[in-house]
Amino acid sequence: MTRSWLWITCTLAAIALALTGWYMSNNSVTDTLERADDNEPTYQSQHTATLVYTPVGKLNYKLVAEETKNYAANGLTWFTRPKITLFDDTSTASWSVHADQAKLVQNKTLYLYGNIEVNNLNSASQLQKISTDSAQINLATQDVSSDDQVRLSGTGFTSTGMGMRGNLRNRTAELIEKVTTWYALQNQK
């Protein structure tokens, strides 16, 4: 009887050890997941290129950056030295946007920071260039705005002002206040 009692005890001890090990391994994985730091990026990469298409399959924009950091918990993506090319309805490149940094929120609004330059890729358009230090672009509608000082340049004019609202798809921009404009008149013969 002692031999059978020893086998039962060993078997129960082995089952208890196995269940304890299984329980501890599941709790340590959960603890690790719960302790993930929201201040740390979910992923990061260097020299990235992102192409985004419209629901009908046309190219909407291309975003190239030296460094990308995505924070999935906050729905944010940060870009270092982003270069964005916006496309019109015919998938023709229409605007080029450069900045020192950018923050993409919920894959829709792009907040740009530092040395922002927006260049029109259509040389026939009146509005050729927008310069400012901070701006935001809705990538779906191509609405653009800034609350800082903005400089607009185009065919025969340069304007500066505080604040701007516009739409890149429509090639429009309106300075809000303290507007100063210089015109370059051309001699006609």
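Preceding this section is the structure that the text describes.
Residues numbered from 1 in each chain as written. Predicted model: local features only at pLDDT ≥ 70, side-chain atom pairs only at ≥ 80, totals over all residues. Heavy atoms only, no water.

## Overview of the overall build of the protein chain
Logical step 1: Looking only at helices and strands, one finds one helix and eleven strands in the protein chain.
Logical step 2: Seen in sequence order, the protein chain has helices and strands lined up from the N terminus as α-β-β-β-β-β-β-β-β-β-β-β.
Logical step 3: When each of the 189 residues of the protein chain is scored for burial, the buried share is 31%.
Logical step 4: Of the contacts made within the protein chain by residues no fewer than 6 positions apart, 36% connect residues no fewer than 24 positions apart. (Helix = DSSP H or I, 4+ residues; strand = E, 2+ residues; numbered from the N terminus. Buried < 20%, exposed > 50% of the residue type's maximum accessible area, 1.4 Å probe, protein only. Contact = heavy atoms within 4.5 Å.)

## Things to note about the nonpolar core
Logical step 1: In terms of nonpolar packing, the biggest core is built from 27 residues, with Ile-84, Leu-86, Leu-110, Leu-112, Ile-130, Leu-152 and Leu-168 touching the most fellow members.
Logical step 2: Elements with a contribution of two residues or more to this core: β2 (59-71), β4 (83-87), β5 (93-98), β6 (101-105), β7 (109-120), β8 (127-138), β9 (143-154) and β10 (157-167).
Logical step 3: Leave out the neighbours within four places in its chain, and Ile-84 touches Tyr-61, Lys-62, Leu-63, Trp-95, Ser-96, Val-97, Leu-110 and Leu-112. (Core = buried A, V, L, I, M, F, W, Y, C linked by side-chain atoms within 4.5 Å.)

## Structural notes on the packing of aromatic side chains
Logical step 1: Applying the stated criterion to the full structure yields one aromatic pair.
Logical step 2: Across the ring face of Tyr-111, the terminal group of Lys-103 is positioned such that the distance to the ring centre comes to 5.3 Å. (Phe/Tyr/Trp six-rings, centres within 6.5 Å; stacked < 30°, edge-to-face > 60°. Lys NZ or Arg CZ within 6 Å of the ring centre and 35° of its normal.)

## Considering the pairing of β8
Logical step 1: In this structure, β7 lies alongside β8, joined through nine bridges in antiparallel fashion. Following the sheet pairing, Asn-119 is matched in β8 by Lys-129.
Logical step 2: Hairpin connection from β7 to β8: six residues lie between these consecutive antiparallel strands.
Logical step 3: Connecting the antiparallel pair β8 and β9 is a turn made up of four residues, with Gln-142 showing a positive phi of about 65°. (Pairing = 2+ DSSP bridges.)

## Side note on unusual backbone geometry
Logical step 1: Backbone geometry at Arg-81 places phi at a positive 50°, although glycine is not the residue there.
Logical step 2: Relative to the assigned elements, Arg-81 resides in the loop between β3 (76-80) and β4.

## Let's talk about the side chain of Asn-167
Logical step 1: Its location among the elements puts Asn-167 in strand β10.
Logical step 2: Separated by 3.0 Å, the side chain of Asn-167 and the backbone oxygen of Thr-141 make a polar contact.
Logical step 3: Of note is the side chain of Asn-167, whose polar atom sits 2.7 Å from the side chain of Asp-143.
Logical step 4: Other than its neighbours up to four places away in sequence, Asn-167 contacts Thr-141, Gln-142, Asp-143, Val-144 and Thr-172. (Polar contact = N/O pair within 3.5 Å; in protein donor to acceptor, adjacent residues only side chain to side chain.)

## Structural notes on the environment of Tyr-111
Logical step 1: Within the element layout of this structure, Tyr-111 appears in strand β7.
Logical step 2: Residues Tyr-111 and Trp-78, 33 residues apart in the sequence, show an inter-C-alpha distance of 9.5 Å.
Logical step 3: Contact partners of Tyr-111, with chain neighbours within four places excluded, come to Gln-101, Ala-102, Lys-103, Val-105, Ala-135 and Gln-136.

## Observations concerning the pairing of β6
As a general feature of sheets, a regular strand has side chains that alternate between the two faces.
Logical step 1: Sheet topology note: the β3/β6 ladder contains five bridges and is antiparallel. Bridge assignment links Thr-80 to a residue of β6, and that residue is Gln-101.
Logical step 2: Of the strand pairs in this sheet, β6 and β7 are connected by five bridges, and their pairing is antiparallel. The residue bridging Ala-102 from the neighbouring strand is Leu-112, located in β7.

## Overview of the pattern of salt bridges
Logical step 1: Under the defined criterion, the tally for this structure stands at four salt bridges.
Logical step 2: For Arg-81, the salt bridge goes to Asp-100, with nearest N and O atoms at 3.0 Å. Taken as a pair, Arg-81 in the loop between β3 and β4 and Asp-100 in the loop between β5 and β6 lie far apart in primary sequence, 19 residues in all.
Logical step 3: Arg-81 sits in the partly exposed class, given a relative accessible area of 41%. (Salt bridge = Lys/Arg side-chain N within 4 Å of Asp/Glu carboxyl O.)

## Description of the environment of Ala-73
Logical step 1: Considering the arrangement of structural elements, one finds Ala-73 in the loop between β2 and β3.
Logical step 2: Spatially, the C-alpha atoms of Ala-73 and Glu-40 are 9.8 Å apart, while their sequence positions differ by 33 residues.

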